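# Notes for the structure review
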Amino acid sequence: MEGQLAHIGAGLAAIGSGAAAIGVGNVAGNYLAGALRNPSAAASQTATLFIGIAFAEALGIFSFLVALLLMFAV
Amino acid sequence: MASEAHGAEEGGLVFHPMDQFIVKPLFGGDAIGMFTITNVTLWMALAVVAVVALMVFGTSSRKIVPGRGQSIAELAYGFVYKMVEDVAGKDAVKFFPYIMTLFMFIVFANFLGLLPMSFTTTSHFAVTVVLALLVFLTVTIVGFVKNGLGFLGLFWVSSAPLALRPILAIIELISYFVRPVSHSIRLAGNVMAGHAVIKVFAGFAAIAVVSPVSVVAITAMYGLEVLVAFIQAYVFTILTCVYLKDALHPSH
Amino acid sequence: MATDTHAAAGHAAEAASAPGMPQLDFSNWGNQIFWLLVTLVVIYFVLSRIALPRIAAVLAERQGTITNDIAAAEELKAKAAEAEEAYNKALVDARAEAQRIVAEAKAEIQADLDAATAKADAEIAAKAAESEKAIAEIRAGAIDSIREVAADTAKEIVSALGGKADAKAVEAAVDTRMKG
């Protein structure tokens, strides 16, 4: 019973990955919108883009980690 | 434990997505001591071999007009050097060999981990936590050595209203200490997630009807993983540069 | 996470094939960390002692070569410009020389022509004068002859008419007629 509850929790935690996907999409989309408006400034901001994506994605990875912990370690 | 449920799965559908991450001694025995030669040792040694092959033997001819290997080595050099210079500033160039070491190790460990049947050293928290802690310690020590107590100005946001500053200082302090956590878990999590997903898709391939879809999905995931392998190395390196910039120029 | 779960996971990992996350099996962290540090130290020394200085040297050398080549190219370009200038100057000089020669030749020819014209004019004038003289002579001759003939004729006519022609009177009459 406890294990099954853990599995349900893992599934719920996995929703966070989807949320992170929305976040990453937001970052990349806004970058693209800005880059199309001012292409000359785009190249200098790719590093910022990747840092932003990394931060957004890290939170998704945290939820994925929680899911894994619930699946395998609890 | 959840594992019992795994073993009792009916039919041929057995998922062991985490099996690929098990640390095993190479030469028999079960006990893993500090100095036991394990698959970790093997794949790290292969990463060293790859780095040496590219950076030392690739450039041994020292040609003015570079060949393939030398071009790639110079590309990697220029890539990281420019990153350090642009992000962390000119005075961070003396940390360049250190950052280059991190980048080369991570990128080669990630790519070697993509070989079938291989072991991915960067998917282990033990590895990434040490890498992140090394960066954290370096940055903190450099910050205090360079700026003395002025390094604490990093947490004192002088542009904010005075009443907010203590609260912001607490937030900044927490975010500073969360850095190595997110820094390490990002890398290991990404790599582990990708490899585990590939394994899960591979498990589905046991069903004949689903297997074509499964193979296509594995191929697509593999492509994504190649991208992730590089991007995570890049992100780890560039975040190191960002932290280093904070240490060298802590003014907010 | 509770510590007993780690222990359980660790034991399980050692016993069975794969329960739990191997990442959280803390029993082998020491091993991984040791080998990681070894790896990092090796890579660091290989890079900082051998690879990076070498690549930096190669890049600097290439930069130097490129700079030298660019300088050489600039020099060649300057030389080419110089040569072009010299060429243009030579062209202008040659043109001026040609013009001078043409003018000289023209002047010479003009002088020759003038001399020849003058000579011809003089000859023509001399010839004309000679001819005029001859014509005048002829005319004078002719007038004398006419007078003679007229006088003779008049004498004959007078004598034929039976008169005795006074030679002096006839001649005077002829002269008067001729003048009139």
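Residues numbered from 1 in each chain as written. Chains lettered and ligands numbered in written order. Predicted model: local features only at pLDDT ≥ 70, side-chain atom pairs only at ≥ 80, totals over all residues. Heavy atoms only, no water.

Taking an unreviewed UniProt entry as the reference, chain B is identified by name as ATP synthase subunit a belonging to Cognatishimia maritima. Quoted verbatim from the Function (unreviewed entry) field of UniProt, the annotation for chain B is "Key component of the proton channel; it plays a direct role in the translocation of protons across the membrane." We quote the UniProt Sequence similarities (unreviewed entry) comment for chain B here in full: "Belongs to the ATPase A chain family." (UniProt positions renumbered as here; feature names shortened; annotations may be inferred.)

In the nomenclature of an unreviewed UniProt entry, chain A corresponds to ATP synthase subunit c from the organism Shimia abyssi. The record in UniProt for chain A states the following under Sequence similarities (unreviewed entry): "Belongs to the ATPase C chain family."

Our focus in this paragraph is the overall build of chain B. Secondary structure summary: chain B contains 7 helices and 0 strands in total. Reading chain B from its N end, one meets helices and strands in the order α-α-α-α-α-α-α. By principal-axis analysis of the C-alpha atoms, chain B measures approximately 65 × 55 × 40 Å. Within chain B, the proportion of its 252 residues that are buried is 50%. Restricting to contacts in chain B with at least 6 residues of sequence separation, those with at least 24 account for 68%. Counting every atom, chain B has about 11,500 Å² of accessible surface; 75% of that belongs to carbon and sulfur. (Helix = DSSP H or I, 4+ residues; strand = E, 2+ residues; numbered from the N terminus. Buried < 20%, exposed > 50% of the residue type's maximum accessible area, 1.4 Å probe, protein only. Contact = heavy atoms within 4.5 Å. Areas by Shrake-Rupley, 256 points an atom, 1.4 Å probe, with all protein chains shown as cover.)

A separate point is the interface of chain A and chain C. Accessible area lost upon the coming together of the parts is a frequently used measure of interface size. Listed as interface residues are 5 residues of chain A and, on the opposing side, 5 residues of chain C. Summing both partners gives a buried area of about 450 Å² for chain A against chain C, and 85% of it is carried by carbon and sulfur. Scanning the region where chain A abuts chain C turns up 0 salt bridges. On inspection of chain A and its partner chain C, the count reaches 0 residue pairs in polar contact (both at pLDDT 80 or more). Taken together, the residues that form the side of chain A that touches chain C break down as 5 nonpolar, no polar and no charged. (Buried area = accessible area lost by both parts, 1.4 Å probe. Salt bridge = Lys/Arg side-chain N within 4 Å of Asp/Glu carboxyl O. Polar contact = N/O pair within 3.5 Å; in protein donor to acceptor, adjacent residues only side chain to side chain. Nonpolar A, V, L, I, M, F, W, Y, C, P; charged D, E, K, R; others polar.)

With that settled, the discussion passes to the UniProt feature "transmembrane region" (unreviewed entry) in chain B. Residues and elements named next belong to chain B. Mapped onto this numbering, the UniProt entry gives "transmembrane region" (unreviewed entry) at residues 31–57, 95–113, 125–145, 151–175, 196–220 and 226–244. Helix makes up 44% of residues 151–175 and strand 0%, and the two end C-alpha atoms of the span are 15 Å apart. Along residues 226–244 one finds 100% helix and 0% strand; the C-alpha atoms at either end are 27 Å apart.

A word on the interface of chain B and chain C. Listed as interface residues are 48 residues of chain B and, on the opposing side, 38 residues of chain C. Carbon and sulfur atoms supply 76% of the area that chain B and chain C bury against each other, a total of about 4,000 Å² over both sides. By the criterion of area lost to chain C, the three top residues of chain B are I64(B), Y77(B) and T101(B), representing 14% of everything that side buries. Applying the counting rule to chain B against chain C returns 1 salt bridge. Between chain B and chain C we count 11 residue pairs in polar contact (both at pLDDT 80 or more) in total. Secondary-structure elements contributing two or more residues to the side of chain B that touches chain C are α2 (39–57), α3 (68–88), α4 (96–113) and α5 (125–147) of chain B. Here the residues of the side of chain B that touches chain C sort into 33 nonpolar, 11 polar and 4 charged.

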